[in-house]
Amino acid sequence: SFNKDRTQALYNHDGRTYISVKGGAKKKLAGSEFSNVLAKESIVTTGDDFDGGDYEITIVRTGLDSFEGRLLYSYDSDTIFYIKKGYEAEKVASNVYYFAQASNNKSLVYTDDGDIWKVTNFNEGGKPTKMTNTGEVWKVYGAGNLEHIYFLSYDDELFYLKGKKGKKIADDVEDVYMSLDGKHCYYVVDEEEVFCSSEGGKGKKIVTADDVDATVEGGRLFLMTEVDDVVTIYLMDGSKKKELYSYEYSYEYEDY
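This write-up is about the structure you can find in this document. (Residues numbered from 1 in each chain as written. Predicted model: local features only at pLDDT ≥ 70, side-chain atom pairs only at ≥ 80, totals over all residues. Heavy atoms only, no water.)

With that settled, the discussion passes to unusual backbone geometry. Here the phi dihedral of Asp-113 falls at roughly 55°; this positive angle occurs in a residue that is not glycine. Its location among the elements puts Asp-113 in the loop between β11 (108-112) and β12 (115-119). We note that Leu-146 has phi near 60°; this positive angle belongs to a residue other than glycine. Looking at the secondary structure, you find Leu-146 in the loop between β14 (137-141) and β15 (150-153). (Helix = DSSP H or I, 4+ residues; strand = E, 2+ residues; numbered from the N terminus.)

Shown next as structure tokens:
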């Protein structure tokens, strides 16, 4: 990956992560390969893939001014690193499976061994604080500056983080999405119903359909529903939905 003006190159080699600044000598950042640069803004501007026969290289050009002050996630080691000033890497979290990052890049929550942990002091090596005491947390969700945290249990129960165990919001939850500001949590039940919980409140039904799909683009949630072969696409604004497009889906089969 390159920064905006291409003066910094972040790359993997021989199972390790390195950085080169202004074409200088490589500097080792971590003993495992990084998988993502964690940044809330849309950092990927362009990318290229090269197939060299014995190897494949993906080059990503980002809109970041610098990799200093950024978090790196490694799928290899389930670890998150922080790049300090001077391009020194600090490990801030280990055994990370699911996580959410604050948009101001000042805090991070993640799951480990069934509980939620929070890190704020990246420059000082992390020192995570345990946020729950249930042993049943599977996934964690948050956005904005992480003022509102939701989590999913191993039994597909959705909770709002309040106290060490949380406040239960819903059962049988299949998918969860957060609004960009972190105030609204959208969740899908039985692939047919979408609800919205605002700042930890009771879920409000947004839509019921024969089939529901959702996607987040540019931090905004889009819903696609199908009712009696009619597909409708909505843009979510808080707990309100705005219809963008609707069409009838036809099933056509050709005889062979």
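Let us look at the sheet that holds strand β17 (residues 167-170). One open sheet holds the 4 strands; their spatial order is β14-β15-β16-β17, and the pairing between them is antiparallel. Each edge of the open sheet is held by one strand with a lone partner, namely β14 and β17. Averaged over all neighbouring strand pairs, the angle between strand axes comes to 35°, with direction disregarded. (Pairing = 2+ DSSP bridges. Axes fitted to C-alpha atoms, helices over the stretch in contact; angles between N-to-C directions.)

Attention shifts here to the environment of Ile-19. As for its position among the elements, Ile-19 is in strand β2 (residues 16-21). Not counting residues up to four positions away in its chain, the partners in contact with Ile-19 are Gln-8, Ala-9, Leu-10, Tyr-11, Ala-25, Lys-26, Lys-27, Leu-29, Phe-67 and Tyr-87. (Contact = heavy atoms within 4.5 Å.)

In space, the 4 strands of this open sheet follow the order β10-β11-β12-β13, with antiparallel pairing throughout. Edge positions in the sheet fall to β10 (99-101) and β13 (129-130), since each of these pairs with one other strand and no more. Strand direction decides the pairing type here: β12 and β13, joined by 2 bridges, are antiparallel. Bridging across to β13, Trp-117 finds its partner in Lys-130.

Considering all chains together, one arrives at 7 salt bridges under this definition. The partner of Lys-4 in a salt bridge is Asp-65, and the shortest N-O contact between them spans 3.1 Å. In this pair, Lys-4 is assigned in the segment before β1 (8-13) and Asp-65 in the loop between β6 (56-62) and β7 (71-74), connecting sequence segments 61 residues apart. For Lys-4, a relative accessible area of 47% gives the class partly exposed. With a closest N to O distance of 2.9 Å, Glu-88 and Lys-27 form a salt bridge. Here Lys-27 lies in strand β3 (residues 27-30) and Glu-88 lies in strand β9 (residues 88-93), a separation of 61 residues in the sequence. You can call Lys-27 partly exposed: its relative accessible area is 29%. One connected set of salt bridges, linked through shared partners, spans Glu-157, Lys-168 and Asp-171. (Salt bridge = Lys/Arg side-chain N within 4 Å of Asp/Glu carboxyl O. Buried < 20%, exposed > 50% of the residue type's maximum accessible area, 1.4 Å probe, protein only.)

Another aspect to go through is a nonpolar patch on the surface. On the surface, Met-224, Leu-244, Tyr-245, Tyr-247 and Tyr-249 cluster together into a nonpolar patch covering about 480 Å² of accessible area. In terms of residue count, strand β25 (residues 240-248) provides more of the nonpolar patch than any other element does, 3 residues in total. As for its placement among the helices and strands, Met-224 is situated in strand β23 (residues 220-227). Look at Met-224 and you get partly exposed, because its relative accessible area is 36%. (Patch = residues over 30% accessible without salt bridge, like charges linked within 9 Å, V, L, I, M, F, W, Y side chains within 5 Å. Areas by Shrake-Rupley, 256 points an atom, 1.4 Å probe, with all protein chains shown as cover.)

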